[in-house]
There are 2 protein chains.
Amino acid sequence: MCWPSGLSINFVSLALNKDQRRPMTTIYDIAKAAGVTATTVSNVLSGKGSVSATTRARVLKYVRELEYQPNLIARSLIKGRTGVIGLILSGVDNPFYAETTTIVERLAYAVGLRVFTTTLSGDDQVGQKMLKDLILRQVDGILITTWTEKQIMHVIAAMQLPVVHCFWEDDKPASTPYVAIDLESGGLLAGQHLLSLGHRHLGVITHLNRDGSSAHEQRVAGFQNALSQHGLSLDPILLQDGRSSMEGGKTAAHKLLTQPNPPTAIFATNDAMAIGAMAAAWELGLQIPRDLSIIGLDDVTLAKYVVPPLTTVAIDKEAILSHAIKLLLDAINGQEAVSPPPLSPTLVIRGSTGPCLQ
Amino acid sequence: MCWPSGLSINFVSLALNKDQRRPMTTIYDIAKAAGVTATTVSNVLSGKGSVSATTRARVLKYVRELEYQPNLIARSLIKGRTGVIGLILSGVDNPFYAETTTIVERLAYAVGLRVFTTTLSGDDQVGQKMLKDLILRQVDGILITTWTEKQIMHVIAAMQLPVVHCFWEDDKPASTPYVAIDLESGGLLAGQHLLSLGHRHLGVITHLNRDGSSAHEQRVAGFQNALSQHGLSLDPILLQDGRSSMEGGKTAAHKLLTQPNPPTAIFATNDAMAIGAMAAAWELGLQIPRDLSIIGLDDVTLAKYVVPPLTTVAIDKEAILSHAIKLLLDAINGQEAVSPPPLSPTLVIRGSTGPCLQ
DNA sequence: CTGAAAGCGCTAACAT
DNA sequence: ATGTTAGCGCTTTCAG
């Protein structure tokens, strides 16, 4: 064989097919070695039944020697449980979702669950197929964190598969457990903060297209409540769609800021859009917070590092997801899953908001 | 039962245990309904064997009526293949990894593979256990994108499990397929760019602790090559550890910039650290790029949105991961997995670098 | 305390 | 073209 220069044999690996690889040692292998039956080995391993100390020791010895590893697939088949859950996420360029995955994976593993993450990129078919695939793979439950096609919800419901919602409750069947956040008070907090800084001409960037959502509507509603308290109301032209993404937030901010009478402060209903808005402000030569205040909602890790650091309404992802996992586990175990009362967000003041100077 | 005010019965879900739920319809159910045997149903479904058009139609009819869904767990058990791969990631606050997961999930699914993401948070034990769990769950292969304990590598090697490395090749057994990037030329590009802007006093933020890595060393080496070409060399005090994270980058930049003779430009060996460095500069009242130029490496999505937009050396994640998945698939199928020649990064000039004004 | 037998849902020889 | 048999690796009654 002839190699392009620079490529050595190191760069080649003649892999072994599954059948060519050394077969895993099974429970039978160690049963034979220990001179007992598979049942006994199983009992030793599971701690059920009762086995004499002697045989237990002998079995364990071979377990070690033969480096036995239980085959979780076989176990899943017989138990009717895989110990895997599905996680449904949105695929927009939003750091929030990235953080969600990591947290969920860790929390789930802590209770013995692995997760298949399914990222829905818009309304494509791929995501929907991936979701069905989750069912074929016998996941024990599903955690939904974003808008999901009604049809899919029905399939899941028909399967009577345990489901928990969080961050997003649109089109959720009434009976589905849900970990709620008081998003309306989140919007209120944002509004009050801006108002207290003297801003009176306020813009909003939110997510409002058809698959958009009460989750964002609530934030806006809370914001409007704050305005009402000051006898103000939101000018519809100052409410723009940012599609939940950084890019969308940037575009929306452009529209807002190039109007004849631009706002002096903007509430973006999530941090991704807020960060996009900051980028737009920079392009327009606006300095934050001198010329424009921006407040987000979520408190993603990144918020601390953007310039200037983003003032935002923080939601406790960790707490919410931890609740969600617990709920899902209860549902999987056939226990009553009681949704907790809504969690309250908190205001985190950093550098992207300041007094109104106009 | 008594409910806190505001909570309605909607918030409760009495879940069904697995055993209580309607059992899935199996291949036998539809065999019985269609008056054939399970084998025939299997043949119809797989398209193997041969079945008369009539029975095929009849079987298919019941498949639809009874809403048959194949149980992939059972299939996995008999096939000795799960169609699942493991993905090993680092858990630092680096947007790069988030993007990696999403891309891998999509690319993998396109070739019929699902992925179990395993985030290694430092050198904790949890990550290592999760990794072993991957094996118990019979993943078909593993894609490693970050530093991994040698011991684990040995376990995997012992299992003769297909493995592919990318982005990171430290401690990689020589025979493991690897998708390489020419990181050294990446560092060179960064250095040349800074030099061409007139900067002569340069700082570097990189990842250098023990589990750090040739992956970052290469970047620094390339950078130093650029310096050498100009008869310059890197002052060791201007090389700081940023631990690959935004926080680390920020801390490192602080150290760099508070020195008696601070650099006029900084090369951070990844975008996360570069973004952290930008935050540090802001805190110190330095304006970018007027007072300080910063260049990163990776080109994460976020780079376009930070203020000012980050100049960086882009690596084509999509291409690399696509190669990696292909390699892994080859390895799984027992085919020769030939590592491609190293891919070249490219310079993307945005707003965080400018002429040296001192 | 240990073993025999059955079966989870599916597929793959090997008949017929 | 269809059916029979056996088995993937494990657990779970139920006997002994």
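Conventions adopted
- Residues numbered from 1 in each chain as written.
- Chains lettered and ligands numbered in written order.
- Predicted model: local features only at pLDDT ≥ 70, side-chain atom pairs only at ≥ 80, totals over all residues.
- Heavy atoms only, no water.
- Buried < 20%, exposed > 50% of the residue type's maximum accessible area, 1.4 Å probe, protein only.
- Helix = DSSP H or I, 4+ residues; strand = E, 2+ residues; numbered from the N terminus.
- Pairing = 2+ DSSP bridges.
- Axes fitted to C-alpha atoms, helices over the stretch in contact; angles between N-to-C directions.
- Parallel < 35°, antiparallel > 145°, perpendicular 65-115°, else oblique.
- Left-handed = near helix turned anticlockwise from the far one by under 90°.
- Contact = heavy atoms within 4.5 Å.
- Nonpolar A, V, L, I, M, F, W, Y, C, P; charged D, E, K, R; others polar.
- Near = heavy atom within 4 Å.
- Polar contact = N/O pair within 3.5 Å; in protein donor to acceptor, adjacent residues only side chain to side chain.
- Domains from an automatic or database assignment.
- Expected span 1.5 Å × (residues − 1).
- Arc of directions from axis to C-beta.
- Least-squares fit on C-alpha atoms with pLDDT ≥ 70 in both.

## Here's the deal with the pairing of strand E3 (residues 114-120) of chain B
Residues and elements named next belong to chain B. Burial analysis of E3 places seven of its seven residues in the buried class, which makes it a mostly covered element. Residues Arg114, Phe116, Thr118 and Leu120 of E3 are buried on one face, and the alternating residues Val115, Thr117 and Thr119, pointing to the opposite face, are buried as well. Two elements, strand E2 (residues 84-90) and E3, share seven bridges in a ladder whose sense is parallel. Note that in E3 the partner of Gly86 across the bridge is Phe116.

## Digging into the packing of helix H5 (residues 95-110) of chain A against helix H12 (residues 317-332) of chain A
Residues and elements named next belong to chain A. Axis separation between H5 and H12 bottoms out at 10 Å; the angle between their running directions is 50°. Here H5 is positioned oblique relative to H12, judged by the angle of their axes. Handedness of the H5/H12 crossing: right-handed. Facing H5, whose interface residues are Phe96, Glu99, Thr100, Ile103, Val104, Arg106, Leu107 and Ala108, H12 presents Lys317, Glu318, Leu321, Ser322 and Ile325. The residue inventory of the contact of H5 with H12, partitioned by class, reads seven nonpolar, two polar and four charged.

## Here's the deal with the protein's contact with DNA strand D
Of all residues adjacent to DNA strand D, which total 24 residues, the nearest are Ile27 and Tyr68 of chain A together with Ser50, Ser52 and Ile78 of chain B. For DNA strand D, the backbone portion of the atoms within 4 Å of the protein, that is sugar and phosphate, comes to 65%. At a separation of 2.5 Å, a phosphate oxygen of DNA strand D approaches a polar side-chain atom of Tyr68 of chain A. Here a phosphate oxygen of DNA strand D sits 3.1 Å away from a polar atom, N or O, in the main chain of Asn71 of chain A.

## Brief notes about the domain arrangement of chain A
Interfaces are often sized by the amount of accessible area the parts lose when they come together. You can read the domains of chain A as domain 1 (12-70), domain 2 (82-181 + 318-332) and domain 3 (183-315). Computed over C-alpha atoms, the centres of domain 1 of chain A and domain 3 of chain A are 60 Å apart.

## Description of the sheet that holds strand E7 (residues 202-206) of chain B
Residue and element names in this part refer to chain B. Spatially, the six strands line up as an open sheet ordered E8-E7-E9-E10-E11-E13, and their pairing is mixed. The sheet is open, and its two borders are formed by strand E8 (239-241) and strand E13 (346-348), each paired with just one other strand. The mean angle between the axes of side-by-side strands here comes to 20°, regardless of whether they run parallel or antiparallel. Relative to E13, strand E11 (residues 311-314) runs antiparallel, the two being bridged by three bridges. What sits directly across from Val313, in E13, is Leu347.

## Focus on the sheet that holds strand E11 (residues 311-314) of chain A
Sheet strands line up and pair through hydrogen bonds in the backbone, either parallel or antiparallel. Residues and elements named next belong to chain A. Taken together, the six strands give an open sheet; going across it, the order is E8-E7-E9-E10-E11-E13, and neighbouring strands pair in mixed fashion. Each end of this open sheet is capped by a strand with a single partner; those strands are strand E8 (239-241) and strand E13 (346-348). Averaged over all neighbouring strand pairs, the angle between strand axes comes to 20°, with direction disregarded. Relative to the sheet, helix H9 (residues 214-229) contacts strand E7 (202-206), E8, strand E9 (265-268) and strand E10 (293-298), its axis offset from that of E7 by approximately 170°.

## Re helix H3 (residues 53-65) of chain A
Residue and element names in this part refer to chain A. Relative to the 18 Å expected for 13 residues at 1.5 Å per residue, H3 spans 18 Å between its end C-alpha atoms, a close match to the ideal helical length. Those residues of H3 lying buried are Thr55, Val59, Tyr62 and Val63. When H3 is viewed along its axis, its buried side chains cluster within an angular range of 110° and face the same direction. Those residues of H3 that are exposed and angled more than 90 degrees off the buried face are Ala53, Thr54 and Arg64.

## Regarding the relation of the copies chain B and chain A
Once turned by 180° and shifted 0.0 Å along the axis, chain B lies on chain A with an RMSD of 0.1 Å. Viewed as a symmetry operation, the transformation between the two copies matches a two-fold axis. By C-alpha distance to the rotation axis, the residue of chain B lying nearest is Ala98 of chain B, at 2.7 Å.

## Considerations on the packing of helix H8 (residues 183-196) of chain B against helix H9 (residues 214-229) of chain B
All names here are of chain B. Viewed as axis vectors pointing N to C, H8 and H9 meet at an angle of 40°, and their least axial separation amounts to 6 Å. In terms of their interaxial angle, H8 and H9 are classed as oblique. Note that H8 runs across H9; the crossing there is right-handed. Contacts from Leu183, Glu184, Gly187, Leu188, Ala190, Gly191, Gln192, Leu194 and Leu195 in H8 reach Ala215, Gln218, Arg219, Ala221, Gly222, Phe223, Asn225, Ala226, Leu227 and Gln229 in H9. Considering only residue class, the contact of H8 with H9 consists of 10 nonpolar, seven polar and two charged.

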